[in-house]
Structures are given as structure tokens and as C-alpha cells.
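One-letter residues, chain by chain:
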Amino acid sequence: DTGVSQNPRHKITKRGQNVTFRCDPISEHNRLYWYRQTLGQGPEFLTYFQNEAQLEKSRLLSDRFSAERPKGSFSTLEIQRTEQGDSAMYLCASSSNRDKNTEAFFGQGTRLTVV
Amino acid sequence: AQKITQTQPGMFVQEKEAVTLDCTYDTSDPSYGLFWYKQPSSGEMIFLIYQGSYDQQNATEGRYSLNFQKARKSANLVISASQLGDSAMYFCAMRDNTDKLIFGTGTRLQVFP
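Below, the structure is looked at part by part. (Residues numbered from 1 in each chain as written. Chains lettered and ligands numbered in written order. Predicted model: local features only at pLDDT ≥ 70, side-chain atom pairs only at ≥ 80, totals over all residues. Heavy atoms only, no water.)

## A look at the overall build of chain A
The line we're drawing: Secondary structure counts use DSSP, requiring at least four H or I residues in a row for a helix and at least two E residues in a row for a strand, with both numbered from the N terminus. Restricting the calculation to C-alpha atoms gives the radius of gyration, and the globule rule supplies 2.2 Å times the number of residues raised to the power 0.38. Relative accessibility under 20% of the residue-type maximum defines a buried residue, over 50% an exposed one, and the middle range a partly exposed one, all with a 1.4 Å probe and only protein chains included. For this analysis, residues touch if any pair of their heavy atoms sits within 4.5 Å. Surface accessibility in these figures is a Shrake-Rupley result with a 1.4 Å probe; residues are shielded only by whichever protein chains are displayed. Neither His nor the chain ends is counted toward charge; the positive residues are Lys and Arg and the negative residues Asp and Glu. Charge coordinates come from a single atom per side chain, which is NZ of Lys, CZ of Arg, CG of Asp or CD of Glu.
A tally of helices and strands in chain A yields zero helices and 11 strands. From first element to last, N terminus to C terminus, chain A shows the α and β order β-β-β-β-β-β-β-β-β-β-β. Relative to the 2.2 N^0.38 estimate, which gives 13 Å for 115 residues, the radius of gyration of chain A is 13 Å and therefore close to what a compact globule would have. Its C-alpha atoms give chain A principal-axis dimensions of about 40 × 25 × 25 Å. Of all 115 residues assigned to chain A, the portion counted as buried reaches 49%. A separation of at least 24 residues holds for 53% of the contacts in chain A among residues at least 6 apart in sequence. For chain A, the accessible surface area stands at approximately 5900 Å², while carbon and sulfur atoms represent 43% of it. Distance between charge centroids for chain A: 5 Å, based on 16 positive and 13 negative side chains.

The structure is reproduced here in C-alpha cells:
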């Protein structure tokens, strides 16, 4: 088990372009979370999945953002028509459902820079 | 609504001393979990300690302990015998029955020799 994996680690894109990030959770984990973190701030919740079901989306997740977890394994987060304000670290975390209060394990994040 | 509040943007502590990082929370659910994470400058989020709302005793993990005061809705992290490597951002987080895990704004801890 190699932990939570996120790709790419860094992404620089021009304003207006679409970007897609991938997260591979720990294999037996059925919960998967996406967060956005800007410099000096805590992770802001974006959305989460229980298996393939997207159970909640934050108001931060505008119509330009979409997340999927088609087979309940890996997940993708797509941002359409990127804006400079989208520049941030995007973190993915996963946890098991064995005990509802087990800790979440984080990936190393994808740092997005919109120029 | 769920909310986590960390009122200390930064804290300083001398090596080998103890330090307390504050966290208060708000939820209407009787069942919830409280977590502390450490984020060094390298960026990874490292889980430190967990406290369940029904746990009778305060959680401890090595040099970390959680001062859980349920009536006051506080879950302060105590780090004993601080080390230089403890310098990092520390985040308090909560998961309640919505299953959503939310974080506070963090406290930057600096340990000096």
C-alpha cells in the first residue's frame, strides 16, 4: 500500500484552460475527500464520496468544478475555464468506513498555478 | 452548522517546554470525532491524534495529548517536551454525522532553541 497518490504534483495553466487532477486513494478506503488549500489557510472542504456516490458538495465548488469517482476507486477533479483565483493546492484524502471516526490519510497534493 | 475555530495564528515555545494549541468546535450532533494534523513546510498532512465525543478519557499519543472539554466544546492539543522538529502548522478538524471532515484555519508553531 503506497498511500494516497495524486497526479500531477504541479500544474501551470493559462487562464481559461481546463485542468483535471487525479487521486488514487488507499485501496480499501471507501471515503474520498477533495480539499483546496491556499497559502497560510486550512484545507477548505470541496466535496466527498462514499464509494462512487458524491454525497456532498461545498458552495465553494462552483459550476466550473466537477468531481467524479466512477468505480469507487480513483477520483478526478476537473476545473473548467480556470481563473487566477483557482490557484491553490488541491488535496485529496481517503478514509475507511470501518469506524466512522477513523482518520483521513492525505496525498501530497496538486499545486495549481493559473497564469 | 459544523465549525472549527483556532484563535491562535501563531505560537512560540522554547525547546523542551510544553505548549497548548487551542481548538473550539461547534456541532449539533452528539456523535463526532476530533482530529489534529501537523503540516510541516514540506506540505504533507500528518495525522497526530483523535478524540471521539463519547470517549471518557483524553486521548494521548506519545508527546501529544488532547485536552477534551466537552461542555466547553474545546479540544486543545498539548505537545510536551517540544522539539525543533515540531515547528509546523497544526490543524484541528472534526467529523460529525454528516461524515464531512472540516478543518480550522490552523496555528503556526515555532519552536526555538
